[in-house]
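A look at the structure
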Amino acid sequence: RETTRVTGRGAAGTEVAGVLEDITAERELALQAATAAKFATLGEMAAGLAHELNQPIAIMSLAAENAAEALEAGEDGVEEALTRLRRIMAQADRAKAIVTQLRAFSRVDVSALEAIDLGGAVHGMMVLAGQALRDAGVQVQLRLPDVLPPVIGQVILVEQVLLNLVLNARDALLDRPAERRRLRIEAEVGPLADEVTLRVQDSGPGLPPEVRDKLFEPFYTTKPPGFGTGLGLSISRTIMRGIGGRISADNTPEGMEMGAEFTLTFRRAPLTEPEEAPPPRAAPRAPAPAPRWPAAT
């Protein structure tokens, strides 16, 4: 880490002092804290993930039974058996996708920063958190552009930040009536051309000023004892700084039927080839209709 500051000014010029620090140990401790928080989150979601995996397994078991019965009927049952076998293949792919996502998220290794698909990170997070949100009756709306510029980061770290935000939103919504438990995740190119922003908004009670000022402090939590470590948002801020981004928290603009809003700001990845430049922008479209809040996906 390089730090400089002006120590004096005079006729002869300006004096500047600089410090160069080796923060290897600090980064290792930060990685350990992030890893511990990651596994704590997975432990919290264990029941939901077990249910998520049990569904395709149950479908495969029933389809295999039906296929066996169809084959026992002789030649006339072959087509029915093939249909059931294809269904088993589809459900096996579904289970494999869940396990693959879980294994990737559980990795401890640190890779270099790279260009990543932000939309892909959102969908990867939803594979892990979708069942937990459905169990809590949270309606989720994803508003992601069809084409979103790649950003600088690491997919697993970005998924961890999003998972922290989404599960915090779920907890904040539990005191709301079932029909008002809403969560929206939307992304857009930021006001600066070299940035992409991602917002996570919920319809919870919002953030009082005394809470907002302490949100990102380590071990600060508004949850009752035994629920949460108070490290999720602190680690999320550390992750965002580590990839050159930012995280901020506020309440949603007045007039919106929402509560808290967390904004993640990412650096756009540089283009590697001239032909990768995005096509010219189409003419502006009419404003999007009001959201209908579909069920969690």
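Basis of the calculations
- Residues numbered from 1 in each chain as written.
- Predicted model: local features only at pLDDT ≥ 70, side-chain atom pairs only at ≥ 80, totals over all residues.
- Heavy atoms only, no water.
- Axes fitted to C-alpha atoms, helices over the stretch in contact; angles between N-to-C directions.
- Helix = DSSP H or I, 4+ residues; strand = E, 2+ residues; numbered from the N terminus.
- Parallel < 35°, antiparallel > 145°, perpendicular 65-115°, else oblique.
- Left-handed = near helix turned anticlockwise from the far one by under 90°.
- Contact = heavy atoms within 4.5 Å.
- Nonpolar A, V, L, I, M, F, W, Y, C, P; charged D, E, K, R; others polar.
- Pairing = 2+ DSSP bridges.
- Core = buried A, V, L, I, M, F, W, Y, C linked by side-chain atoms within 4.5 Å.
- Buried < 20%, exposed > 50% of the residue type's maximum accessible area, 1.4 Å probe, protein only.
- Patch = residues over 30% accessible without salt bridge, like charges linked within 9 Å, V, L, I, M, F, W, Y side chains within 5 Å.
- Areas by Shrake-Rupley, 256 points an atom, 1.4 Å probe, with all protein chains shown as cover.
- Salt bridge = Lys/Arg side-chain N within 4 Å of Asp/Glu carboxyl O.

This paragraph deals with the packing of helix α5 (residues 155–173) against helix α7 (residues 232–242). Between α5 and α7, the least distance of the axes is 10 Å, while the angle of their chain directions is 150°. Here α5 is positioned roughly antiparallel relative to α7, judged by the angle of their axes. In terms of crossing hand, the pair formed by α5 and α7 is left-handed. Between α5 and α7, the contacting residues are Leu 157, Gln 160, Val 161, Asn 164, Leu 165 and Asn 168 on the first element and Gly 232, Leu 233, Ile 235, Ser 236, Ile 239 and Met 240 on the second. Along the lines of polarity and charge, the residues of the contact of α5 with α7 split into seven nonpolar, five polar and no charged.

If you trace the five strands from one edge of the open sheet to the other, you get β4-β6-β7-β9-β8, paired in mixed fashion. Each edge of the open sheet carries a strand with a single partner, namely β4 (139–143) and β8 (246–251). Strand after strand, the sheet turns through a mean of 15° between neighbouring axes, direction not considered. Strand direction decides the pairing type here: β4 and strand β6 (residues 182–189), joined by five bridges, are parallel. Residue pairing for β6: Gln 139 is matched across the bridge by Arg 182. Contacts between helix α4 (residues 118–135) and the sheet are confined to β4, β6, β7 (195–202) and β9 (260–267), with β4 contributing the most and set at about 175° to the helix.

Turning next to the nonpolar core. Soluble globular proteins tend to pack their nonpolar side chains together in the buried interior. Judged by nonpolar contacts, the single largest core of 48 residues is most densely connected at Leu 198, Phe 262, Leu 264 and Phe 266. Every element with two or more residues in this core is listed here: α4, α5, β6, β7, α7, β8 and β9. When residues in this core are grouped by element, the largest group, ten residues, is from α5. If we ignore the near neighbours within four places in the chain, the residues touching Leu 198 are Leu 118, Val 122, Leu 144, Leu 162, Ile 185, Glu 186, Ala 187, Phe 262, Thr 263, Leu 264 and Phe 266.

Relative to the helices and strands, Leu 71 is located in helix α2 (residues 46–72). The spatial distance from the C-alpha of Leu 71 to the C-alpha of Ala 81 is 6.2 Å, given a sequence separation of ten residues. Those residues in contact with Leu 71 that sit more than four places away from it in its chain are Gly 77, Val 78 and Ala 81.

Glancing now at a nonpolar patch on the surface. A cluster of nonpolar residues, Leu 71, Val 78, Leu 82 and Leu 85, forms a patch on the protein surface that exposes about 320 Å² of accessible area. A per-element tally of the nonpolar patch places helix α3 (residues 78–106) first, with three residues. By secondary structure assignment, the location of Val 78 is in helix α3. For Val 78, a relative accessible area of 37% corresponds to the partly exposed category.

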